[in-house]
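Okay, here's what each chain looks like letter by letter:
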Amino acid sequence: MTTGPHRTTDPELGPEDERLPSLAEQMADQLGGWRGLVESSIPVVVFVIANVVGELRPAVIASVAVALLIAGLRLAQRRPVRHAVNGLVGIAIGAAIAWRTGDERDFYLPGILYGVGYGLALLVSAAVRQPLVGWIWSVLVAKGRSEWRDDPRLVRTFTQLTVLWGVVWLAKVGVQAGLYLAHQDTALGVARLALGYPPYALLLLITVWAVRRVTRETAPTPLPGA
């Protein structure tokens, strides 16, 4: 006789009603969906085009205005504004520096410096066995829980993933830094777009897949008839 529905458990997350979001759900949340991808790219595209056909300051004004418009539109539609605000802050800082120095390259300088710092932080965290990807996973996916610290396989997986993220981040920011130093302004804008979301999406996909694979392998096998 069955007394009620059985609930499966996940060693990382607990009862089934607290399961991980699906792969598609996690990807959509972190990337903001297709709309988030497009909206975060529009201000940079506007800057690149306006700077090519015109001058620096009109390009700065246009990119900031578009970023503000996107954030305002999302707010008016009562949609999540996290991605729009993050993009607006990055655009505003770069625009302010470029406006002050009069050098269009400096529009991309904050992103380059941020990328260097983030890449180094990832590698350092892996070296001291506090992998940053694992802690970010705890905050964004596991609702603040950090049981993965007690599982050697997950610790090893998150450490390897953190190294991967760090190496890729430093590689892509290295390309942008090279173009910055070479005064290749238009190419720098193209690289900013091409090396933005595509590598991020691929790394996110690898991370979710790897963690799910290890979690499934370490899940306890239910007893027959349980």
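Below is a short write-up of the structure. (Residues numbered from 1 in each chain as written. Predicted model: local features only at pLDDT ≥ 70, side-chain atom pairs only at ≥ 80, totals over all residues. Heavy atoms only, no water.)

The helix and strand inventory of the protein chain stands at 9 helices and 2 strands. Counting helices and strands in the order they occur from the N terminus, the protein chain gives β-β-α-α-α-α-α-α-α-α-α. Per-residue burial over the protein chain gives 36% buried out of 226 residues. About 12800 Å² of surface is accessible on the protein chain, with carbon and sulfur atoms providing 67% of the total. (Helix = DSSP H or I, 4+ residues; strand = E, 2+ residues; numbered from the N terminus. Buried < 20%, exposed > 50% of the residue type's maximum accessible area, 1.4 Å probe, protein only. Areas by Shrake-Rupley, 256 points an atom, 1.4 Å probe, with all protein chains shown as cover.)

Before going further, it helps to spend a moment on a nonpolar patch on the surface. On the surface, a nonpolar cluster with roughly 420 Å² of combined accessible area is contributed by Val45, Ile49, Val52, Val53 and Leu193. Looking at the nonpolar patch, the element that brings in the most residues is helix 2 (residues 33-53), giving 4 residues. With respect to the helices, strands and loops of the structure, Leu193 is situated in helix 8 (residues 185-194). (Patch = residues over 30% accessible without salt bridge, like charges linked within 9 Å, V, L, I, M, F, W, Y side chains within 5 Å. Salt bridge = Lys/Arg side-chain N within 4 Å of Asp/Glu carboxyl O.)

If you look at the biggest cluster of nonpolar residues, it comprises 20 residues, and the most contacted ones within it are Trp137, Phe158 and Trp165. Among the secondary structure elements, those contributing two or more residues to this core are helix 5 (109-127), helix 6 (132-140), helix 7 (152-181) and helix 9 (197-218). Ranked by the residues each element gives to this core, the list is headed by helix 9, at 7 residues. Excluding residues within four positions of it along the chain, Trp165 makes contact with Tyr118, Leu122, Val133, Tyr200, Leu203, Leu204 and Thr207. Of all hydrophobic cores here, the second largest spans 19 residues; its members include Val44, Leu56, Ala59 and Tyr108. (Core = buried A, V, L, I, M, F, W, Y, C linked by side-chain atoms within 4.5 Å. Contact = heavy atoms within 4.5 Å.)

The terminal C-alpha atoms of helix 5 lie 27 Å apart, and with 19 residues this matches the ideal 27 Å at 1.5 Å per residue to within 8%. Turning to helix 5, its buried residues number three or more, namely Pro110, Ile112, Gly115, Tyr118, Gly119, Leu122, Ser125 and Ala126. Immediately downstream of helix 5, the backbone of Arg129 shows phi near 60°, a positive value. (Expected span 1.5 Å × (residues − 1).)

With that out of the way, let us pick up helix 7. In this model, helix 7 (30 residues) spans 43 Å end to end at C-alpha, consistent with the 44 Å of a helix rising 1.5 Å per residue. Near the N-terminus of helix 7, the side chain that reaches the backbone nitrogen of Arg153, with its oxygen 3.0 Å away, is that of Asp151. Of the residues flanking the end of helix 7, it is His183, one or two places downstream, whose phi is positive at about 60°. (Polar contact = N/O pair within 3.5 Å; in protein donor to acceptor, adjacent residues only side chain to side chain.)

Contact geometry of helix 5 with helix 6 gives a least axis separation of 8 Å together with a crossing angle of 100°. Comparing their axes, helix 6 and helix 5 come out roughly perpendicular. Contact residues: Tyr118, Leu122 and Ser125 in helix 5; Leu132, Val133 and Ile136 in helix 6. A breakdown of the residues in the contact of helix 5 with helix 6 according to their chemical character gives 5 nonpolar, 1 polar and no charged. (Axes fitted to C-alpha atoms, helices over the stretch in contact; angles between N-to-C directions. Parallel < 35°, antiparallel > 145°, perpendicular 65-115°, else oblique. Nonpolar A, V, L, I, M, F, W, Y, C, P; charged D, E, K, R; others polar.)

Bringing the packing of aromatic side chains into the picture now. The relation between two aromatic rings is expressed through the spacing of the ring centres and the mutual angle of the planes. Evaluated as defined, the whole model comprises 11 aromatic pairs. Between Phe107 and Tyr108, the ring centres sit 5.2 Å apart and the planes meet at 85°, which makes this aromatic pair edge-to-face. Each member of the pair, Phe107 together with Tyr108, is buried. A centroid spacing of 5.2 Å and a plane angle of 70° characterise the contact between Trp135 and Trp148, whose relative ring orientation is edge-to-face. With Trp135 in helix 6 and Trp148 in the loop between helix 6 and helix 7, the pair connects residues that are 13 residues apart, well separated along the chain. Its relative accessible area of 33% is what places Trp135 among the partly exposed residues. Judged by relative accessible area, Trp148 falls into the buried class, the value being 0%. Seen from the ring of Tyr180, Arg105 lies directly overhead, with NZ or CZ sitting 4.3 Å from the centre. Against the face of Trp169 rests Lys172, its NZ or CZ located 3.8 Å from the ring centre. (Phe/Tyr/Trp six-rings, centres within 6.5 Å; stacked < 30°, edge-to-face > 60°. Lys NZ or Arg CZ within 6 Å of the ring centre and 35° of its normal.)

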